[in-house]
Amino acid sequence: MAPDSKQVLKTLNPNKVWVPVIIGIVAVIAIFYFDPDLSVDKIKLIFNAAPVPLLLAFLVILARDLGYMYRIRTLTNNELTWKGSIYTILLWEFASAVTPSVVGGTAVAVFILMKEGIHLGKSLAYVMLTAILDNLFFVIAAPFAILFIGDHIFPEVMDTETFLGRSLKAVFFTSYSMIAVYTLIMSLALLYRPRVFKWLLLKVSTIGFLRKWRHAANEYGDQVIDASKQIRGKDVGYWTKVILSTIFVWSARYLMLNFLIEAYTFGLSFFDHFVIFGKNLILWITMLFSPTPGSSLTAEYFFKIFYKDVLGDYTAASLLSWRMMSYYPYLFLGLFILPRWIRRVFFKGRKR
């Protein structure tokens, strides 16, 4: 069952940009209002960033996006052109920015790949494999970060913080467990036993209140079987390139914040950077189940909790810089390229 075009285009509606923007502005205002130590002068410290680390942060973002484009092109065995890869990654980021993190842009990604000339089975296979690889990075990296950093990786939350803040570890371990279980199931389904997965879906859908989804379960099971066929037989070189590119893009995503914080703190030790990287990993996993578009409000709230002890007076400035560099550009890039992509694939045909 192909993604519904109207529903996908509704998700990509440019008017949705203003929802996360407004939520983000409200979040910053709320942080400003409820923090007695915050002032306008501290927000103005955004202009005090050291230029070299700030430039490196921008370059890391660019390298990450190029890595994403290389990975999606490699995943598709170069069926996707470089131009198609650019459109796919930027629109995928745009979809993730305007939908809740818990929803993500999976259906949108499948739809984009299909409109770029890749049939449904392959599109679904590539998007599922991307999700599995991304989740595996979190599942494997997080325990190592906790093992080597220890309690430093979780911020000390004072009693004056909210219940959500005091329950940060519970939020993280709940998110981590759900990601690990989902990744295990989908890995087995896609790479090992797709027919068993379909059989289990059909068995579960015989339960009374789930019977209305039996037809959908059957169709999804067939899609996973088809997607699994597309992945089988890939050589070692294919897996090496997609795994290494996954490690690269997620490491780059986190290192961007390391350079940004370095721009405001001047002279952190190697261990400090390791802690910042590990905290970013934990922060990201916590944000994955945010109910807001692009984790707006959730991201701002947890950033303050995780990094206030490192940044001090520069917390607000760093927070604003972080979101302006890693989130809002994709909203406005999406606004810019979406009409061009629609004309390209719907009206003028695909241009190579």
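Residues numbered from 1 in each chain as written. Predicted model: local features only at pLDDT ≥ 70, side-chain atom pairs only at ≥ 80, totals over all residues. Heavy atoms only, no water.

## Some details on the overall build of the chain
- Secondary structure assignment for the chain yields 16 helices and 0 strands.
- Put simply, the chain has 352 residues, and 49% of those count as buried.
- Of the contacts formed within the chain by residues at least 6 apart in sequence, a portion of 77% connects residues at least 24 apart.
- With an accessible surface of roughly 17,400 Å², the chain has 68% of that area assigned to carbon and sulfur atoms. (Helix = DSSP H or I, 4+ residues; strand = E, 2+ residues; numbered from the N terminus. Buried < 20%, exposed > 50% of the residue type's maximum accessible area, 1.4 Å probe, protein only. Contact = heavy atoms within 4.5 Å. Areas by Shrake-Rupley, 256 points an atom, 1.4 Å probe, with all protein chains shown as cover.)

## Some thoughts on the packing of aromatic side chains
- The final tally for this structure, using the stated rule, is 18 aromatic pairs.
- On the numbers, 5.0 Å between centres and 65° between planes, the contact of Tyr327 with Tyr328 is edge-to-face. Both residues of the pair, Tyr327 and Tyr328, count as buried.
- Each member of the aromatic cluster is reached from another via a ring pair, and the members are Phe137, Phe138, Trp250, Tyr254, Phe277 and Trp284.
- A cation sits over an aromatic face here: Arg193 above Tyr192, 4.3 Å from the ring centre.
- One cation-aromatic arrangement involves Arg323 over Tyr327; the distance from NZ or CZ to the ring centre is 4.1 Å. (Phe/Tyr/Trp six-rings, centres within 6.5 Å; stacked < 30°, edge-to-face > 60°. Lys NZ or Arg CZ within 6 Å of the ring centre and 35° of its normal.)

## Remarks on the side chain of Ser326
- In this fold, Ser326 is placed in helix 15 (residues 315–326).
- Judged by its relative accessible area of 18%, Ser326 falls in the buried class.
- Among the polar contacts made by the side chain of Ser326, one reaches the main-chain carbonyl oxygen of Trp322 at a distance of 2.6 Å. (Polar contact = N/O pair within 3.5 Å; in protein donor to acceptor, adjacent residues only side chain to side chain.)

## Some thoughts on the nonpolar core
- The biggest cluster of nonpolar side chains holds 98 residues, and the ones touching the most others in it are Tyr264, Tyr307 and Trp322.
- Sort the elements by how many residues they give to this core and helix 7 (residues 120–149) lands first, with 14 residues.
- Apart from residues lying up to four places away in sequence, Tyr264 is in contact with Leu45, Ile46, Asn48, Ala49, Leu311, Tyr314, Ala317, Ser318 and Ser321. (Core = buried A, V, L, I, M, F, W, Y, C linked by side-chain atoms within 4.5 Å.)

## Structural notes on helix 10 (residues 194–204)
- Turning to helix 10, its buried residues number three or more, namely Pro194, Phe197, Lys198 and Leu202. Buried residues in helix 10, looked at end-on, bunch into an arc of 135°, giving them a common side. (Arc of directions from axis to C-beta.)

## Quick look at helix 15
- Look at helix 15: 16 Å from first C-alpha to last across 12 residues, which is about the 16 Å you get at 1.5 Å a residue.
- The buried fraction of helix 15 amounts to 10 of the 12 residues, a majority that puts the element mostly inside the structure. (Expected span 1.5 Å × (residues − 1).)

## Digging into the pattern of salt bridges
- Here the structure, examined in full by the defined rule, presents 8 salt bridges.
- With its nearest N and O atoms 2.5 Å apart, the salt bridge here joins Arg344 to Glu116. Highlighted residues: Arg344 in helix 16 (residues 328–347) and Glu116 in the loop between helix 6 (106–115) and helix 7, separated in sequence by 228 residues. By the burial criterion, Arg344 is buried, and Glu116 matches it.
- One salt bridge connects Asp222 with Lys198, and the closest N-O pair in it is separated by 2.5 Å. Here Asp222 is found in helix 11 (residues 214–231), whereas its partner Lys198 is found in helix 10, with 24 residues between them in sequence.
- Overall, the relative accessible area of 35% leaves Asp222 in the partly exposed class.
- Under the relative-accessibility criterion, Lys198 is labelled buried at 17%. (Salt bridge = Lys/Arg side-chain N within 4 Å of Asp/Glu carboxyl O.)

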